[in-house]
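# Summary of structural features
Take a look at the letters that make up each chain.
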Amino acid sequence: DAGITQSPRHKVTETGTPVTLRCHQTENHRYMYWYRQDPGHGLRLIHYSYGVKDTDKGEVSDGYSVSRSKTEDFLLTLESATSSQTSVYFCAIGQGEQDQPQHFGDGTRLSIL
Amino acid sequence: SQQGEEDPQALSIQEGENATMNCSYKTSINNLQWYRQNSGRGLVHLILIRSNEREKHSGRLRVTLDTSKKSSSLLITASRAADTASYFCATEFNDYKLSFGAGTTVTVRA
């Protein structure tokens, strides 16, 4: 398995609280991605990073921010969590080269009450 | 918006039978990828087919790509209980980003 660790694996929190999810990789891949997975929607891209301090928005970025201060770490922050952000969040990494797959972590299950 | 759509949404087959699932997409792509997800786990890459390829094999997997119809199919031959999972197609069309379909849930009965 690719060296990707997501933490925490499970979290329950209340509406309005800030939440930070962490993704750590040991593969030295240039690209890192955050997705959310909801029933009937597959995976949807929230934000991605193409290098240290280089990030961009994905399809569903509203309400989320990200930071990447080191190659190996990519943080996803919900500034003020809402119930609509209850989901399973996946981190993925990629080499940033043509025709290469992404590799996924095992996800964080986030419940916002 | 999502690029790919899988069909069927769910599939139940007997062990030893073949499983076929389809993916349709909307715009030109660089490649199309298939991933498997076991319950409670992350996605695992299965196979990638480039836009200039028509068919690709990997073990018991066979993938076809028809760019004129903007569609792909994944065939799993001689299915096993361990093939029970959700399968997703993903299209890469620019900037090393993937767009996923909603997936096909496959159940293999012993």
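A brief report on the enclosed structure follows. (Residues numbered from 1 in each chain as written. Chains lettered and ligands numbered in written order. Predicted model: local features only at pLDDT ≥ 70, side-chain atom pairs only at ≥ 80, totals over all residues. Heavy atoms only, no water.)

What follows concerns the layout of surface pockets. The calculated volume of the largest pocket comes to roughly 560 Å³. Along its surface, the largest pocket is lined by 29 residues, and Gln37 and Pro39 of chain A together with Gln37, Ser86 and Phe88 of chain B are the ones closest to its centre. Looking at the lining of the largest pocket, the elements that each hand over two or more residues are strand S4 (31-38), strand S9 (87-94) and strand S11 (108-112) of chain A together with strand S9 (85-94) and strand S11 (104-109) of chain B. For the lining of the largest pocket, the class distribution of residues is 7 nonpolar, 17 polar and 5 charged. (1 Å grid on protein atoms, 1.4 Å probe; cavity = no way out; pocket = protein on both sides within 12 Å on 5 of 7 lines; lining within 4 Å. Points joined across faces, edges and corners; volume = space filled by probe spheres on them. Helix = DSSP H or I, 4+ residues; strand = E, 2+ residues; numbered from the N terminus. Nonpolar A, V, L, I, M, F, W, Y, C, P; charged D, E, K, R; others polar.)

As a further point, take the sheet that holds strand S3 (residues 19-24) of chain B. Residue and element names in this part refer to chain B. On the basis of which strands lie adjacent, the open sheet formed by 5 strands has the order S1-S3-S8-S7-S6 and antiparallel pairing. With one partner strand each, in any of the chains shown, strand S1 (5-7) and strand S6 (55-58) form the two edges of the open sheet. This sheet shows a mean twist of 20° between the axes of neighbouring strands, independent of strand direction. Direction of pairing for S6 relative to strand S7 (residues 61-66): antiparallel, over a ladder of 4 bridges. Residue Ser58 lies in a different strand from S7, and its bridge partner there is Leu61. (Pairing = 2+ DSSP bridges. Axes fitted to C-alpha atoms, helices over the stretch in contact; angles between N-to-C directions.)

Our focus in this paragraph is the pairing of strand S5 (residues 42-51) of chain A. Residue and element names in this part refer to chain A. For S5, a buried count of 9 out of 10 residues is recorded, marking the element as mostly surrounded by other parts of the structure. Sheet topology places S4 next to S5; 7 bridges connect them, and they run antiparallel. Looking at S5, one finds that Tyr33 is bridged to Tyr48. The turn joining S4 and S5, which pair antiparallel and follow one another in sequence, is formed by 3 residues; a positive phi near 85° is taken by Gly40. With 4 bridges connecting them, S5 and strand S6 (residues 54-57) associate as antiparallel partners. Among the inter-strand pairings, Tyr48 is bridged to a residue of S6, identified as Asp56. Between S5 and S6, which pair antiparallel one after the other, the connecting turn spans 2 residues, and Lys53 there sits at a positive phi close to 70°. (Buried < 20%, exposed > 50% of the residue type's maximum accessible area, 1.4 Å probe, protein only.)

Next up on the list: the state of the cysteines. Residue and element names in this part refer to chain B. Enumeration over the complete set of coordinates arrives at 2 disulfides over all chains. The disulfide that involves Cys23 links it to Cys89, with 2.0 Å between the sulfurs. Because the torsion about its S-S bond is 65°, the bridge between Cys23 and Cys89 counts as right-handed. Highlighted residues: Cys23 in strand S3 and Cys89 in strand S9, separated in sequence by 66 residues. By the burial criterion, Cys23 is buried, and Cys89 matches it. (Disulfide = S-S within 2.5 Å.)

Before going further, it helps to examine empty space enclosed by the protein. A water-sized probe, rolled over the atoms, reveals where empty space remains. Tallied over the full model, the rule gives 1 cavity of 30 Å³ or more. Empty space within the largest cavity amounts to approximately 70 Å³. Tallied by class, residues from the lining of the largest cavity come to 4 nonpolar, 6 polar and 2 charged.

Take unusual backbone geometry next. The peptide bond linking Ser7 of chain A to Pro8 of chain A adopts the cis configuration, its omega dihedral lying at -10°. With respect to the helices and strands, Pro8 of chain A occurs in the loop between strand S1 (4-7) and strand S2 (10-13). With omega at 0°, the peptide bond leading from Asp7 of chain B into Pro8 of chain B counts as cis. Structurally, the position occupied by Pro8 of chain B is in the loop between S1 and strand S2 (10-14). At Lys70 of chain B, a position not held by glycine, the phi torsion is positive, near 55°.

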